[in-house]
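Structural description and commentary
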Amino acid sequence: MQEMNYPSPELSGIKYTKRHPRHHEVTKSSDFPWEHTLNRGTLFTTLLAVIFVAITIPVFAQTQSVPLTPPADDGPVVVRAAFHLQDINEIDENAETFEFTGILTLTWQDRRQAFDPREAQTEEKIYQGDYQFNELSPAWFPQVILANESGLFEKHSVLLRVKPDGTSILLETINAVAEVTLDLRRCPFDSQRLEAVFEVLGVDTSEVVLEAEPVSLLTGSQKPKIPQWILTNLTFSTRERTVPYAGSKGTSSSFVLTTDVKRKSFFLVRLVIFPLLLIVMLSWSVFWMDRSSLGDRISLSFIGILTAVAYQTVVSDILPRISYSTLIHGFINISFIFMCVTATINLVVGWFDKQGDFKRGDLIDYRCRRIVPLAYLGVLSVVVVVVFVFF
């Protein structure tokens, strides 16, 4: 059989695979990559890219048309604010802060968000949760901060309701710690005013003005239970504050939550005042003791003095470290001074006994039975009157 001559693969561009003398597999090679058949992985990737572009372009176009500024109809936007106080978790007298939990409600109208209920097929649009509120809500909203925040300001839940006329109602659950100034001069019979100041971040009074809603009275189980304190009053108010971050005018509108509380004084009365008062009264018994028992009289007086010192240590652990004196500090100090006076009188009586002047010693004891108690009660009364009248 005559042998066939095959052309060179480099010249013809045809690849020959020899299987049988009479049968050859011909595979045509190409130098252009787009002529290859797409595999399944490449096809799936291309499909994903097309879907991503189809979704991103409408969303991007929508975000470009979202009104991100406060509505400017006639003057500033009026935002009505209210706060439902759920609990006051703690009043920290050392740090002069209080932690509270509640629901902040903000109501305003933005006519740009008005819609036709028949076209929208709903009487009210609701956006709830972080995703719906932050990603899908198509409008401006007042971003509220706590101006006197002290390390904690958390928003756990959020709900936005939009009415057909554009009225928007924003509800946020807030847990925060606010810094306050406490006046403890009347402790343990003191009352304190706790304020939480809310502001709209970055806008001044020419853009947004806050108004306080009427306060709903808390009764029964709705009234927060505060350890060692009683809630006496709850009020809402507004004020203007000058801050550097409040727009061009530098004046921010603030919503103030004011809570008045009164201390439950029985704890300190039972722990400090009543026992120490009883010890002071027992120390006066030395004026009825025989003058020959000078050692017993001095021992009893010094027991009272050491007890007063111990109570000062107890009170220092309970009350904050402050630079001024409180009513309970005055009570302990006065008790300490009068027990020192009692010990001094014992020494004077003993000295007269050693001199043989028994009548003068008996006269001092007789007069001190009335003078010392009356002086003690009189000084305490003057201190109480001064504290409650002038502080």
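Our subject is the structure listed above.
Now for a description of the structure that goes with this document. As a convention, each chain's residues are numbered from 1 in the sequence order in which they are written. Totals for whole chains, interfaces and linings use all residues, but because this is a predicted model, local features are given only for residues with pLDDT of at least 70 and pairs of side-chain atoms are given and counted only at 80 or more. Hydrogens are left out, water is left out, and the side-chain values use all remaining heavy atoms of the structure.

As a further point, take the overall build of the chain. Assigned secondary structure in the chain consists of eight helices and 12 strands. With 391 residues in all, the chain has 35% of them scored as buried. We call two residues contacting when some pair of their heavy atoms lies within 4.5 Å. Put simply, 72% of the contacts in the chain that link residues at least 6 apart link residues at least 24 apart. Runs of H or I in DSSP of at least four residues are treated as helices and runs of E of at least two as strands, each being numbered from the N terminus. Three exposure classes are used, based on accessible area relative to the maximum for each residue type with a 1.4 Å probe and protein chains only: buried under 20%, partly exposed in between, and exposed over 50%.

By secondary structure assignment, the location of Thr251 is in strand β12 (residues 251–263). When its relative accessible area of 17% is taken as the criterion, Thr251 is described as buried. Residue contacts for Thr251: discarding those within four places in its chain leaves Asp204, Thr205, Glu240, Arg241, Thr242 and Ala246.

Bringing the packing of aromatic side chains into the picture now. In this scheme Phe, Tyr and Trp rings, the latter by its six-membered ring, pair at centre separations within 6.5 Å, and the angle between planes marks the pair as stacked below 30 degrees, edge-to-face above 60, and tilted otherwise. Summed over the entire model, instances satisfying the criterion amount to 10 aromatic pairs. Aromatic side chains Phe83 and Phe198 sit 5.7 Å apart centroid to centroid with 25° between the ring planes, which places their arrangement in the stacked category. With Phe83 in strand β3 (residues 77–92) and Phe198 in strand β9 (residues 191–200), the pair connects residues that are 115 residues apart, well separated along the chain. A centroid spacing of 5.7 Å and a plane angle of 75° characterise the contact between Trp284 and Tyr376, whose relative ring orientation is edge-to-face. Linking Trp284 in the loop between α5 (266–283) and α6 (294–318) with Tyr376 in helix α8 (residues 358–390), this pair joins segments that are 92 residues apart in sequence. No difference in accessibility class separates Trp284 from Tyr376, as the two residues are buried. Three or more aromatic residues link up through ring pairs in this structure, and these residues are Phe83, Phe98, Phe100, Phe198, Phe236 and Phe255. Between the NZ or CZ atom of Arg185 and the centre of the ring of Tyr324, over which it lies, the distance is 4.5 Å. Counted as over-ring charges are cases with an Arg CZ or a Lys NZ within 6 Å of the ring centre that also lie within 35 degrees of the ring normal.

Note: β3 against strand β4 (residues 97–109), 11 bridges, orientation antiparallel. When the bridges of β4 are listed, Phe83 appears paired with Leu104. Note: two strands are recorded as paired if DSSP finds a minimum of 2 bridges between them. The hairpin turn running from β3 into β4, its antiparallel successor, is four residues long, and Glu96 in that turn takes a positive phi close to 55°.

Next up on the list: the pairing of strand β8 (residues 167–179). Where β4 meets β8, 13 bridges bridge the pair, whose relative direction is antiparallel. What sits directly across from Thr107, in β8, is Ile169. Between the end of strand β7 (residues 149–162) and the start of β8, which pair antiparallel, lie four residues, with Gly166 showing a positive phi angle near 95°.

Here we take up the nonpolar core. In this description, a nonpolar core means a group of buried Ala, Val, Leu, Ile, Met, Phe, Trp, Tyr and Cys residues linked to one another through side-chain atoms lying within 4.5 Å. By size, the foremost hydrophobic cluster in this structure holds 71 residues, and its most contacted members are Phe83, Phe98, Phe100 and Phe198. Sequence-distant contacts of Phe98, defined by excluding residues within four places in its chain, comprise Ile88, Glu90, Ile91, Ala176, Val177, Ala178, Val180, Leu194, Glu195 and Ala196.

So, about the environment of Ile337. Turning to its location among the elements, Ile337 is positioned in helix α7 (residues 327–354). The exposure class assigned to Ile337 is partly exposed, which follows from its relative accessible area of 48%. For the pair Ile337 and Tyr376, spaced 39 residues apart in sequence, the C-alpha separation works out to 9.6 Å.

A few words now on α5. In this scheme, a helix's expected span is set at 1.5 Å multiplied by one less than its residue total. Counted at 1.5 Å a residue, the expected span for α5 with its 18 residues is 26 Å, and the 24 Å between its end C-alpha atoms agrees. One axis is fitted to the seven residues ending at the residue and one to the seven starting there. The bend at that residue is the angle between these axes. At Ile273, α5 is bent by approximately 30°, the largest bend along its length, and proline Pro275 sits one to four residues beyond. Contacts made by the buried residues of α5 are with α6, α7 and α8.

Once that is clear, we can look at the sheet that holds β4. Taking strand neighbours across the sheet as the criterion, the six strands line up as β5-β7-β8-β4-β3-β10 in an open arrangement whose pairing is mixed. Where the open sheet ends on each side, the last strands, each with one partner, are β5 (125–128) and β10 (208–212). Adjacent strand axes in the sheet meet at a mean angle of 25°, parallel and antiparallel pairs treated alike. Between the N-to-C directions of two axes lies an angle of 0 to 180 degrees, each axis being a line fitted to C-alpha atoms and, for a helix, fitted only over the stretch in contact.

Taken together, the four strands give an open sheet; going across it, the order is β6-β9-β12-β11, and neighbouring strands pair in antiparallel fashion. Each edge of the open sheet carries a strand with a single partner, namely β6 (144–146) and β11 (229–242). On average, each strand axis in the sheet is tilted by 25° relative to the strand beside it, whichever way the strands run. Sheet topology note: the β11/β12 ladder contains 13 bridges and is antiparallel. Counted as the bridge partner of Leu231 is Val261 from β12.

Given a rise of 1.5 Å per residue, 33 residues ought to cover 48 Å, and the 47 Å separating the end C-alpha atoms of α8 matches this to within 8%. Of all the bends in α8, the greatest measures close to 40° and is centred on Cys368. Listing the buried residues of α8 in full gives Gly361, Asp365, Cys368, Val372, Pro373, Tyr376, Leu380 and Val387. Packing partners of the buried residues in α8 comprise α5, α6 and α7.

So, about the pattern of salt bridges. Definition used for salt bridges: Asp or Glu carboxyl oxygen within 4 Å of a side-chain nitrogen of Lys or Arg. All told, the structure shown has 14 salt bridges when counted by the stated rule. The residue Asp365 makes a salt bridge to Arg297 at a minimum N-O spacing of 2.9 Å. You can see Asp365 sitting in helix α8 and its partner Arg297 sitting in helix α6, a full 68 residues away along the chain. Taken individually, Asp365 and Arg297 each receive the classification buried, so the pair is uniform in this respect. Among the charged side chains, a network of salt bridges with common partners joins Glu93, Asp190 and Arg263.

This brings us to the environment of Tyr366. Its location among the elements puts Tyr366 in helix α8. For the pair formed by Tyr366 and Phe287, sequence separation is 79 residues and the distance between their alpha carbons is 7.1 Å.

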